[in-house]
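# Structure at a glance
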Amino acid sequence: MSDALINGLAGAGGGIIAQLITYPLQTVNTRQQTDRNSKKEKQKLGTIEQMYQVVRQEGWDRLYGGLAPSLVGTAASQGVYYYFYQIFRNRAEIAALEGKKNGIGDGSVGMFSSLLVAALSGCVNVLLTNPIWVVVTRMQTHMKKSKGSHPEPAASEDAIVAVVEPPPFGTTNAIQEVYGEAGIWGFWKGVFPTLIMVSNPSIQFMLYETLLKKIRKRRASSNKGANDVTALEIFLLGAVAKLGATVVTYPLLVVKSRLQAKQVIGGDKRHQYKGTLDAIMKMIRYEGFYGFYKGMGTKIVQSVLAAAVLFMVKEELVRGARLLLTGSAASTARSKPP
């Protein structure tokens, strides 16, 4: 099994586990990002209060709206990203070694090369998986009518049931809604700011690998072994790297969510966006720069926790897979006759 495939599968596994743990936070954060109210109109509710409000008004299941396609998207995104990241990384390492032979550099992949590798991997990932995330955003922002809402007194009992318990909004409904609004290209809404956002994992992985490299060098110089990095240290490195990347790129994430969420045709023109630039200009005009940072606190908690879990699980899975393959190879070699 190739190293790229091992990293791809491990990344997918780590991503799924991180997604399951942090999904309610992600749902609340998406709703915060797509809230069109200005700062003056906004009700100041904390993350926990908003989660409680969703549960009370719409039920527990709405905190997990879009979970199924999100898990598919996470597995696909992490798998694609890590697979191509390892391929590009291997090529960068070969190029670095060739450069060393020619008297250029020390043979290691530099910071700029790491950034470029992560960016290229991110672009491939975005172009292939954007449709999945459009569907997930629609499902996360779809709101059931409040359980406390009631129709007019003259309405029939069947009508009351229909209001309180509307038909579930599933993956098929979201796909039909997106296609009905904009056709096949609707599944690539928000792709432009998302492509720019490849700088997020680029910054994240640049910070992560730089810190990891320093720790391993320190361990190697102290005779503790270059690869002697604990799961807890990986967890903390992933958290620090994701925190830095999220703070820098958060406004783009808000714009992407606004473009992918359902827009009410015929509604307030301030809340309808024709594209990325139109969304940015309207947000600045009607909401101020505050609008670009809605839900940032929730996102930091969710993304840092998810990234830390992802890195920790991925590294353990990669380590376990390599150990298993090495052990299998050793067993095969021992079983061969002399």
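Residues numbered from 1 in each chain as written. Predicted model: local features only at pLDDT ≥ 70, side-chain atom pairs only at ≥ 80, totals over all residues. Heavy atoms only, no water.

### Comments concerning the overall build of the chain
Within the chain, the regular secondary structure consists of 11 helices and zero strands. Each helix and strand of the chain, ordered N terminal to C terminal, gives the series α-α-α-α-α-α-α-α-α-α-α. Pairs at least 24 apart in sequence give 81% of the contacts found in the chain among residues at least 6 apart. Approximately 18,000 Å² of the chain is accessible, and the part contributed by carbon and sulfur atoms is 65%. (Helix = DSSP H or I, 4+ residues; strand = E, 2+ residues; numbered from the N terminus. Contact = heavy atoms within 4.5 Å. Areas by Shrake-Rupley, 256 points an atom, 1.4 Å probe, with all protein chains shown as cover.)

### Description of the side chain of K294
Residue placement: K294 occurs in the loop between α10 (276-286) and α11 (296-335). Assessed through its relative accessible area of 1%, K294 is described here as buried. A distance of 3.0 Å separates polar atoms of two side chains, one belonging to K294 and the other to E287. (Buried < 20%, exposed > 50% of the residue type's maximum accessible area, 1.4 Å probe, protein only. Polar contact = N/O pair within 3.5 Å; in protein donor to acceptor, adjacent residues only side chain to side chain.)

### Points about helix α4 (residues 111-141)
With 31 residues, α4 extends just 38 Å between its outermost C-alpha atoms, more than 12% less than the 45 Å of an ideal straight helix rising 1.5 Å per residue. Residue T129 marks the point of greatest curvature in α4, where the axis turns by about 60°; the proline P131 follows within four residues. (Expected span 1.5 Å × (residues − 1). Bend = angle between axes of the 7 residues up to and from the residue.)

### Things to note about the packing of aromatic side chains
Applying the stated rule across the entire model yields nine aromatic pairs. Ring centres of Y23 and Y64 lie 6.2 Å apart, and the angle between their planes is 15°; on these two criteria the pair is classed as stacked. A residue pair is termed long-range when its members are at least 10 positions apart, and Y23 in helix α1 (residues 3-33) and Y64 in the loop between α2 (47-58) and α3 (67-101) qualify at 41 residues. Here Y23 falls in the buried class, since its relative accessible area comes to 0%. With 5.4 Å between their ring centres and 90° between their planes, Y83 and F84 make a pair best called edge-to-face. Exposure remark for F84: the relative accessible area of 25% places this residue in the partly exposed category. Aromatic rings pair up to connect Y81, Y82 and Y85 into one cluster. (Phe/Tyr/Trp six-rings, centres within 6.5 Å; stacked < 30°, edge-to-face > 60°.)

### Points about the packing of α4 against helix α6 (residues 171-182)
Where α4 contacts α6, the two axes come as close as 9 Å, and the packing angle between them is 110°. For the element pair α4 / α6, the angle class is roughly perpendicular. Contacts between α4 and α6 involve V134, V135, R138 and M139 on the former and, on the latter, T171, A174, I175, E177, V178 and E181. Along the lines of polarity and charge, the residues of the contact of α4 with α6 split into six nonpolar, one polar and three charged. (Axes fitted to C-alpha atoms, helices over the stretch in contact; angles between N-to-C directions. Parallel < 35°, antiparallel > 145°, perpendicular 65-115°, else oblique. Nonpolar A, V, L, I, M, F, W, Y, C, P; charged D, E, K, R; others polar.)

### Observations concerning the pattern of salt bridges
The full count for this structure, using the stated rule, is 12 salt bridges. The residue E177 makes a salt bridge to R138 at a minimum N-O spacing of 2.8 Å. One end of the pair, E177, is in helix α6; the other, R138, is in helix α4, with 39 residues separating them in the sequence. Residues E177 and R138 agree in their burial class; the two are buried. Between K314 and E315 there is a salt bridge, with the nearest N and O atoms lying 3.8 Å from each other. Grouping residues by exposure puts K314 and E315 together as buried. Through salt bridges with shared partners, a single network forms among R138, E177, E181 and K189. (Salt bridge = Lys/Arg side-chain N within 4 Å of Asp/Glu carboxyl O.)

### Observations regarding the nonpolar core
Y85, F205, Y208, L212, I234 and F311 are the most contacted members of the largest nonpolar core, which totals 21 residues. Contributions of two or more residues to this core are made by α3, α4, α8 (199-221), α9 (231-260) and α11. If you tally residues by element for this core, the top one is α11, at six residues. In contact with Y85, not counting residues within four places along its chain, are V117, A118, S121, F205 and E209. Membership of the second largest hydrophobic core comes to 11 residues, among which are Y250, V255, Y273 and M283. (Core = buried A, V, L, I, M, F, W, Y, C linked by side-chain atoms within 4.5 Å.)

### Regarding α10
For an α-helix, the turn length of 3.6 residues means that residues three or four places apart are oriented alike. Every buried residue belonging to α10 is among T276, A279, K282 and M283, and all of these are buried. The buried residues of α10 occupy an angular sector of 135° when projected down its axis, which confines them to one face. Set apart from the buried face of α10 by more than 90 degrees, the exposed residues are L277 and R285. Looking at the packing, one finds that the buried side of α10 touches α7 (191-196) and α9. Count one or two residues on from α10 and you reach G288, which has phi positive near 75°. (Arc of directions from axis to C-beta.)

### Regarding the UniProt feature "transmembrane region" (unreviewed entry) in the chain
UniProt's entry tags residues 109-136, 187-208, 229-253 and 291-313 with the feature "transmembrane region" (unreviewed entry), counted in the numbering of this structure. Taken as a whole, residues 229-253 contains 92% helix and 0% strand, while its terminal C-alpha atoms sit 32 Å from one another. End-to-end, the C-alpha atoms of residues 291-313 are 34 Å apart, and along that stretch the chain is 78% helix and 0% strand. (UniProt positions renumbered as here; feature names shortened; annotations may be inferred.)

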